[in-house]
Every structure is written in C-alpha cells, then in structure tokens.
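Descriptive analysis of the structure
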Amino acid sequence: QSTWGWNLLSMASQLEEQIQHLQVEEEHVGRRNRRTAVSAESYDPNDLNKRVKKVFPKSEDGKRQIDTKLRSNFLFAHLDEDGRKELIDAVFETKFKAGDVIIKQGDEGDNFYIVESGTCDIYVGSQKVMVCNPGDSFGELALMYNAPRAATVVALTDVIAWAMDRITFKLTLMEHTLRKREKYEAFLEDVPILSSLLKYERLTIADALVPQEFHQGEKIVKQGDMGDKFYIVESGVCDFVIHGQKVGEVEAGGYFGELSLLNNQPRAATVVVSTPKVKVLCLDRATFTGVMGPLHAILKRNGDQYTKYMEQLK
C-alpha cells in the first residue's frame, strides 16, 4: 500500500500538466456506460474554483458509508475533510440486476464503484478471484489511469453502488493538491528543519502531508512502540515523556517521530497533547524515506537530544 501511495503522490505532483490533456467525455443517450471523447479542453488551475461541482443527493447513512470507505482507501486517505465532502457529493447511485456485468476486463475504465448493497464477483479471465460485499470497492485504476479494465465484475445479486467518474476525481485531486500547497508552503518555510530544502522539495512534502487532529491528554506516539509515521506540529503543544517524566515539549514548527523511522527502533519517548487541541501533519514511513532523504544527517544529529534525556533518567 505504501508503494501505491507513493505512486499517487507522483501522479498528484504531475496533475497540473496532465490535466491540460484530459478529454471531456459524455454518455451517449440511451447507451449506459458507453463514453465518447467529444473535445480536448484544457483547464487553468487558477480557474478550478469556477467549475460547477457535482452534487447528487444521498442519505446521511450513505454519506457516512462513503466517507468511511474513502478514508480507508489509499487513493483518498490524504484528502482533508473538504476534499472528501466534495467527492461524497459527486458520487452518484447506480443499480444493477443479478447477472449484470458492471465492468468488463479489457474495456476502457471510466468509473470507480463503492458497493452499498448486494454482492459482486470479480473475475480475471475465467477465474473468480474475489467477492465484493457492501462497503467494498473496485475500479480504482480507472481513476488513476486511462487504462483498460484489469478484471470483470459481475453482480451476483441485485446491487446498488455509488460511482465516481475519473475526471471528477482528477479535478478534485488537482484542486486539493493546489490548495494544500498554498496552505502549507508558507508554514513549511518557517519550519527550521526544512529551511535548507529547495522550494520543489518543500512542495513535495506539502503534497504528501496528511493532517491529523488530537485532543488534550491523547498520546500521539508511545514509548516502546514501533513507529510508522513522522510528525510536524502545525498548531498546539505536546509534551515529551520518558519513563513517566516530562523531559521537554514541542510546539508549532517542531517535529517528532523521526528516530524510530531512521533507525528502525522503538519510539524513544511518549508524546502527549498538553493543549486543548493539537494539529499535526504526518508522513508515513515510505514517504518520509523518499522526501526527507536530504535531511537524513540533520535528523540523525538532532536525535542526540533523546539519547541525552535517556542517560539523565538512568
């Protein structure tokens, strides 16, 4: 999954160029799921906010189910609440009868599907490889690449599914990426550890950041646990605690979690939220290794503070 996530980040960083070549597609009247290119329009990133965003009605239960699925899917995990809400609004309901072929291996991909009710079988060639139940999804590659379907999906029962088209996804991802860059670029310039990076390196980090929110008393990381994320504090204050004793704190612009990733060792300290709310920006292990490479030596050197704290407490 980390590899897929890294591929997505690469795609996101190139969207400004790719979007110029997106073809505007429309369905032929009376021919469901058949799409034809009618023009090759270009999109100015500065005009994205002028586009009419799609909104299809759905129940609150339906919205919650879609939101849960988006959060757990690597394609959407990096989106903030506004980005997910836009996609939730844009997905539309589709219905299939038992025996219907929803997607066919080798056909052009257009939509991504989240099953709301019913069961589907997935085939590669003639071999059944998977069963999709409510909450499951399929067709992700159609969102990332204009490529033929890799499998056939057949409705085993009557099925209701939420569908999202590829162009809506790409435009939403592009807008979200640009919005994140605007929001985090200035902030990252003021983070001391990142000051030596080139602009494009900071933008790469901005694209990869995943925001998270914690509340007073919560433990963001625990001493002794194996780490899988690196954190930059966006707002609020956290305490460093080693063997139950506070040894320091970190505030906006500070960071933690790097040593566990650099050295593949358990967490050296527990980090506890000390203000009513803390917002952090996270990088997973694979992304941290990829984008923070130039800072490896600095991060290692700064990690000496943890060793000092441990020696003082012995």
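**With respect to the sheet that holds strand β17 (residues 270–273)**
Two pairing modes exist for strands in a sheet, parallel and antiparallel, and in both the strands are linked by backbone hydrogen bonds. Reading across from one edge, β12-β17-β14-β15 is the order of the four strands in this open sheet, with antiparallel pairing throughout. In this open sheet, the two edge strands, each paired with only one partner strand, are β12 (219–221) and β15 (245–251). Across the sheet, the mean angle from the axis of one strand to that of its neighbour is 35 degrees, orientation sign disregarded.

**Quick look at helix α3 (residues 60–72)**
Across its 13 residues, α3 extends 19 Å between first and last C-alpha, which sits within 8% of the 18 Å expected from 1.5 Å per residue. Among the structural elements, α4 (81–90), β5 (111–117), β8 (137–138) and β10 (159–165) are those in contact with the buried residues of α3.

**A look at the nonpolar core**
Counting 22 residues, the largest nonpolar core has Leu188, Leu194, Ile205, Phe230, Ile232, Leu283 and Met292 as its most contacted members. When residues of this core are traced back to their parent elements, those giving at least two are α6 (166–189), α7 (199–208), β13 (229–235), α8 (258–263), β18 (277–284) and α9 (285–291). Non-local contacts of Leu283, meaning those with residues more than four positions away in its chain, are made with Ile205, Ala208, Leu209, Asp228, Lys229, Phe230, Phe288, Val291 and Met292. In terms of nonpolar packing, the next biggest core, distinct from the first, is built from 17 residues, Tyr231, Cys238, Val247 and Phe256 among them.

**Notes on the confidence of the model for the protein chain**
The predicted structure's coordinates, where accompanied by low pLDDT, should not be read in detail. Per-residue pLDDT for the protein chain averages 77, and the proportion of residues at 70 or more is 76%. Within the model, the stretch residues 1–42 combines pLDDT values under 50 with 78 contacts to residues more than four positions away or in other chains.

**Overview of unusual backbone geometry**
Not every positive phi belongs to a glycine, and His243 is a case in point at roughly 50 degrees. For His243, the location among the structural elements is in the loop between β14 (237–242) and β15.

**Quick word on the packing of aromatic side chains**
Applying the stated criterion across every chain yields a total of six aromatic pairs. With a centroid separation of 5.3 Å and 25 degrees between ring planes, the pair formed by Tyr113 and Phe138 is classed as stacked. Note that Tyr113 is positioned in strand β5 and Phe138 in strand β8, a separation of 25 residues in sequence. Each of the two residues, Tyr113 as well as Phe138, counts as buried. Between Phe230 and Tyr255 the ring centres are 5.8 Å apart and the planes differ by 45 degrees, which places this aromatic pair in the tilted class. Of this pair, Phe230 sits in strand β13 while Tyr255 sits in strand β16 (residues 255–256), placing them 25 residues apart in sequence. Here the aromatic residues Phe96, Tyr113 and Phe138 are joined through ring pairs into a cluster of three or more.

**So, the packing of α3 against α4**
Viewed as axis vectors pointing N to C, α3 and α4 meet at an angle of 125 degrees, and their least axial separation amounts to 10 Å. By the angle between their axes, α3 is oblique relative to α4. Crossing angle aside, the handedness with which α3 passes α4 is right-handed. In this structure, α3 contributes Lys63, Ile66, Asp67, Leu70 and Arg71 to the contact, and α4 contributes Arg84, Leu87 and Ile88.

**Observations regarding the sheet that holds β8**
One open sheet holds the four strands; their spatial order is β3-β10-β5-β8, and the pairing between them is antiparallel. The two strands at the open ends of the sheet, each matched to only one other strand, are β3 (92–96) and β8. Here β5 runs beside β8; their pairing, made up of two bridges, is antiparallel. Among the inter-strand pairings, Ile114 is bridged to a residue of β8, identified as Ser137.

**Observations regarding the pattern of salt bridges**
Evaluated as defined, the whole model comprises 15 salt bridges. In this structure, Glu175 engages Lys53 in a salt bridge whose closest nitrogen and oxygen atoms are separated by 3.5 Å. With a gap of 122 residues between them, Glu175 in helix α6 and Lys53 in the loop between β2 (35–39) and α3 connect regions that are remote in the sequence. Here Arg149 makes a salt bridge to Asp110, at a shortest N to O gap of 3.4 Å. A residue pair is termed long-range when its members are at least 10 positions apart, and Arg149 in the loop between α5 (141–144) and β9 (152–155) and Asp110 in the loop between β4 (101–103) and β5 qualify at 39 residues. Like Asp110, Arg149 is buried. By sharing partners, the salt bridges in this structure join Lys53, Glu86 and Glu175 into a single network.

**Quick look at α7**
Most of α7 sits out of view: seven of its ten residues are buried. Among all positions in α7, only Glu201, Arg202, Leu203, Ile205, Ala206, Asp207 and Ala208 are buried.

**Considerations on the side chain of Ser137**
Note that Ser137 resides in strand β8. Residue Ser137 is classed as buried on the basis of its relative accessible area of 13%. In terms of polar contacts, Ser137 uses its side chain to reach the side chain of Glu140, at 3.4 Å. Other than its neighbours up to four places away in sequence, Ser137 contacts Lys69, Asn73, Phe112, Tyr113, Ile114 and Cys132.

Cut-off values and rules
- Residues numbered from 1 in each chain as written.
- Predicted model: local features only at pLDDT ≥ 70, side-chain atom pairs only at ≥ 80, totals over all residues.
- Heavy atoms only, no water.
- Pairing = 2+ DSSP bridges.
- Helix = DSSP H or I, 4+ residues; strand = E, 2+ residues; numbered from the N terminus.
- Axes fitted to C-alpha atoms, helices over the stretch in contact; angles between N-to-C directions.
- Expected span 1.5 Å × (residues − 1).
- Contact = heavy atoms within 4.5 Å.
- Core = buried A, V, L, I, M, F, W, Y, C linked by side-chain atoms within 4.5 Å.
- Buried < 20%, exposed > 50% of the residue type's maximum accessible area, 1.4 Å probe, protein only.
- pLDDT = per-residue confidence, 0-100.
- Phe/Tyr/Trp six-rings, centres within 6.5 Å; stacked < 30°, edge-to-face > 60°.
- Parallel < 35°, antiparallel > 145°, perpendicular 65-115°, else oblique.
- Left-handed = near helix turned anticlockwise from the far one by under 90°.
- Salt bridge = Lys/Arg side-chain N within 4 Å of Asp/Glu carboxyl O.
- Polar contact = N/O pair within 3.5 Å; in protein donor to acceptor, adjacent residues only side chain to side chain.

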